[in-house]
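Coordinate inspection notes
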Amino acid sequence: MSETKTNKEIRRVLSVIVTNEDGVLSRISGLFAGRGYNIDSLTVAPVPKTDFSRLTIVTFGNQRVLEQIVKQLHKLIPTYKVIESGEFVEKEMALVKIPLNEDFNGLDAMLKAYNGTIASSGADFIIILVADNAVRIDNFLKAINKYNPIDIVRSGSVAMDV
């Protein structure tokens, strides 16, 4: 999945399967940092019933930079597989804390539109959870501003090839 950030840079989602061992995350983030590449988001989780982990990396760059990133990832010893093209199911999550003294008119419709739900509540706030693709999470976070959020936490992307 790619999306334009500037005229020259494109967004790229990389799904990297690595051996689940100490220091792998450090080596991969060091590969990016050492070459001046930026990681927009990074999510890591073990692959069930294996000795591998899946890293979902979202980055931006021109075509040459993206090709270099993929080549360098392939060279790392703990890397088993790099999936950098094709179709992904990609989702992000956001948690938004809203004070209870706000007017919640229209909130239910917004939650339905963005796969959202009330995840928790306290004496003076509610916490909303939404899960959707990155563009829709961006749009939700713009729309939710009318409820004057106290705090917002956003996850990185998780992706699975189809």
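The structure reproduced in this document is the subject of the present report. Everything numeric here is computed off the predicted structure, so don't read it as measured data.

So, the overall build of the protein
Helices and strands together make up the secondary structure of the protein, namely four helices and nine strands. Ordered by position in the sequence, the α and β elements of the protein form the string β-α-β-β-α-β-β-α-β-β-α-β-β. Along the first, second and third principal axes, the C-alpha atoms of the protein reach 55 × 40 × 30 Å. Looking at the protein residue by residue over its 162 residues, the buried ones come to 37%. The long-range share in the protein, meaning contacts at least 24 apart out of those at least 6 apart in sequence, stands at 71%. When the accessible surface of the protein is split by element, carbon and sulfur atoms take 51% of a total near 9,200 Å². Of the charged side chains in the protein, 19 are positive and 19 negative; the average position of the first set lies 6 Å away from that of the second.

Focus: the sheet that holds strand β2 (residues 41-46)
With respect to topology, four strands assemble into an open sheet ordered β2-β3-β1-β4, the strand pairing being antiparallel. Two strands close off the open sheet at either side, each with one partner strand: β2 and β4 (79-83). Strand-to-strand twist of the sheet, defined as the mean angle between neighbouring strand axes without regard to direction, takes the value 20 degrees. The pairing of strand β1 (residues 10-19) with strand β3 (residues 52-61) spans ten bridges and is classified as antiparallel. Bridge pairing in β3 places Val13 opposite Val58. Across the sheet, helix α2 (residues 63-75) is in contact with β1, β3 and β4; its angle to β1 comes to roughly 0 degrees.

What to know about the pattern of salt bridges
Tallying each qualifying case throughout the model produces seven salt bridges. Glu92 serves as the salt-bridge partner of Arg154, at 2.6 Å between the closest nitrogen and oxygen. Of this pair, Arg154 sits in strand β8 (residues 151-154) while Glu92 sits in strand β5 (residues 88-99); the two residues are 62 residues apart in sequence, bridging distant segments of the chain. Residue classification places Arg154 among the partly exposed residues on the basis of a relative accessible area of 33%.

What counts as what
Residues numbered from 1 in each chain as written. Predicted model: local features only at pLDDT ≥ 70, side-chain atom pairs only at ≥ 80, totals over all residues. Heavy atoms only, no water. Helix = DSSP H or I, 4+ residues; strand = E, 2+ residues; numbered from the N terminus. Buried < 20%, exposed > 50% of the residue type's maximum accessible area, 1.4 Å probe, protein only. Contact = heavy atoms within 4.5 Å. Areas by Shrake-Rupley, 256 points an atom, 1.4 Å probe, with all protein chains shown as cover. Lys, Arg positive; Asp, Glu negative; His and termini not counted. Charge placed at Lys NZ, Arg CZ, Asp CG, Glu CD. Pairing = 2+ DSSP bridges. Axes fitted to C-alpha atoms, helices over the stretch in contact; angles between N-to-C directions. Salt bridge = Lys/Arg side-chain N within 4 Å of Asp/Glu carboxyl O.

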